[in-house]
Amino acid sequence: SFKEAEATTPLTAVTEAFEELARLLESSSGDLHLRPFIFACSHVSNLFGCLGFAFKFAEVEYVSKVNDLSEASKMFNTLSNILEHDVKNVSVRKPGSHSRNLRRVRIGLDLIKAMFEQFLSSEDCSPKDAASTAYAQVCAPYHTWAIRKAVGAGMCTLPSREQLLLKLNDHDQSVEREMRRYIVASNPIIEYIDNLYLSRDISLDW
Ligand code: 1PZ
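The rules behind these values
- Residues numbered from 1 in each chain as written.
- Predicted model: local features only at pLDDT ≥ 70, side-chain atom pairs only at ≥ 80, totals over all residues.
- Heavy atoms only, no water.
- Helix = DSSP H or I, 4+ residues; strand = E, 2+ residues; numbered from the N terminus.
- Rg over C-alpha atoms; globule rule 2.2 N^0.38 Å.
- Near = heavy atom within 4 Å.
- Polar contact = N/O pair within 3.5 Å; in protein donor to acceptor, adjacent residues only side chain to side chain.
- Areas by Shrake-Rupley, 256 points an atom, 1.4 Å probe, with all protein chains shown as cover.
- 1 Å grid on protein atoms, 1.4 Å probe; cavity = no way out; pocket = protein on both sides within 12 Å on 5 of 7 lines; lining within 4 Å.
- Sits in = over half its atoms within 2 Å of the grid points.
- Nonpolar A, V, L, I, M, F, W, Y, C, P; charged D, E, K, R; others polar.
- Core = buried A, V, L, I, M, F, W, Y, C linked by side-chain atoms within 4.5 Å.
- Buried < 20%, exposed > 50% of the residue type's maximum accessible area, 1.4 Å probe, protein only.
- Contact = heavy atoms within 4.5 Å.
- Expected span 1.5 Å × (residues − 1).
- Bend = angle between axes of the 7 residues up to and from the residue.
- Phe/Tyr/Trp six-rings, centres within 6.5 Å; stacked < 30°, edge-to-face > 60°.

Caption draft 1: Quick look at the overall build of the protein chain. Looking only at helices and strands, one finds 11 helices and 0 strands in the protein chain. Its helices and strands taken in sequence order, the protein chain reads α-α-α-α-α-α-α-α-α-α-α from the N to the C terminus. Its C-alpha atoms give the protein chain a radius of gyration of 17 Å, within 12% of the compact-globule value 17 Å for 206 residues. When its C-alpha atoms are laid out on the principal axes, the protein chain stretches across 50 × 40 × 25 Å.

In structure tokens:
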């Protein structure tokens, strides 16, 4: 049926995964478990396919960070446990550490949120405009010049609004609704992750 077809679009899968995670966070009395977090984060992979070949490297980068957290979940139960471990080992910001990779994944989630906010801000906003503005806001401050250049070049290959809707297997109104739902659901999770660092007096300028 139409309803079933709608329930399986890439965007719906991501949105529902984060709504579930937000519900878990609400009922977790402040200690979010790693496994459901990783489960939700791995749904983002559904979206990369819609963005075309140029975003392969964003995908490889994102997936490698999520995979590292997945490895970590064999040893650590909660997101908090990861921070505790790296604080003890003075490795929070160390390249490749779980706490650093968690920070990177969090930036990815925020990037998607910012992109959706841009996309919703005007019907004339192309995916390229949405992604460029979101990237400048959320990621660029933490990326090297070379990465920023490469991302800028990749932006030009993003599909048009119509092509993207087609690839998302969706129509305008339902896409907008799904995006709004993702924004609402991801917000407390992003805040929660930030607070894991801030509550330990770790700044977020990296
Ligand atoms: C329409 C959507 C377009 C999205 C456009 C945004 C593209 C973002 C491209 C990001 C490329 C990342 C390249 C590598 C960056 C690394 O230097 C850093 C630091 O890694 P570290 O030194 O800690 O090992 N890695 C990151 O910042 C991780 C970034 C994750 C990117 C997530 C993208 C999620 C986008 C989802 C779109 C569906």
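Caption draft 2: Local environment of the site of the ligand. Around the ligand, 19 residues are found, and the nearest of them are Glu61, Lys65, Arg100, Arg104 and His143. Take arginine 100: an N or O atom from its side chain is 2.7 Å from an oxygen atom of the ligand. At 2.8 Å from an oxygen atom of the ligand is found a side-chain nitrogen or oxygen belonging to histidine 143. Expressed as a share of its isolated accessible area of 860 Å², the protein-covered part of the ligand is 90%. One can see that the ligand is located within the largest pocket. Where the shell around the ligand is concerned, the elements lending two or more residues are α4 (45-48), α5 (56-72), α7 (98-121) and α9 (145-155). If you tally residues by element for the shell around the ligand, the top one is α7, at 6 residues. Here the shell around the ligand is built from residues that sort into 13 nonpolar, 2 polar and 4 charged.

Caption draft 3: Region of the structure containing the nonpolar core. The biggest cluster of nonpolar side chains holds 67 residues, and the ones touching the most others in it are Phe18, Phe37, Leu79, Leu102, Leu109, Phe116 and Tyr197. Residue contacts for leucine 79: discarding those within four places in its chain leaves Leu32, His33, Leu34, Phe37, Leu102, Tyr192, Ile193 and Leu196.

Caption draft 4: The arrangement of helix α11 (residues 172-198) in detail. If you check α11, its first and last C-alpha atoms are 38 Å apart, about what 27 residues at 1.5 Å a residue would give, namely 39 Å. At serine 186, α11 shows its strongest bend, of approximately 30 degrees, with the proline proline 188 following within four residues.

Caption draft 5: Examining the packing of aromatic side chains more closely. With the rule as written, the count across this model stands at 4 aromatic pairs. Judged by centre distance (5.4 Å) and plane angle (75 degrees), the rings of phenylalanine 116 and tyrosine 182 are edge-to-face. Taken together, the residues span a long stretch of sequence, with phenylalanine 116 in helix α7 and tyrosine 182 in helix α11 at a distance of 66 residues. On the basis of relative accessibility, which here comes to 0%, the residue tyrosine 182 falls in the buried class.

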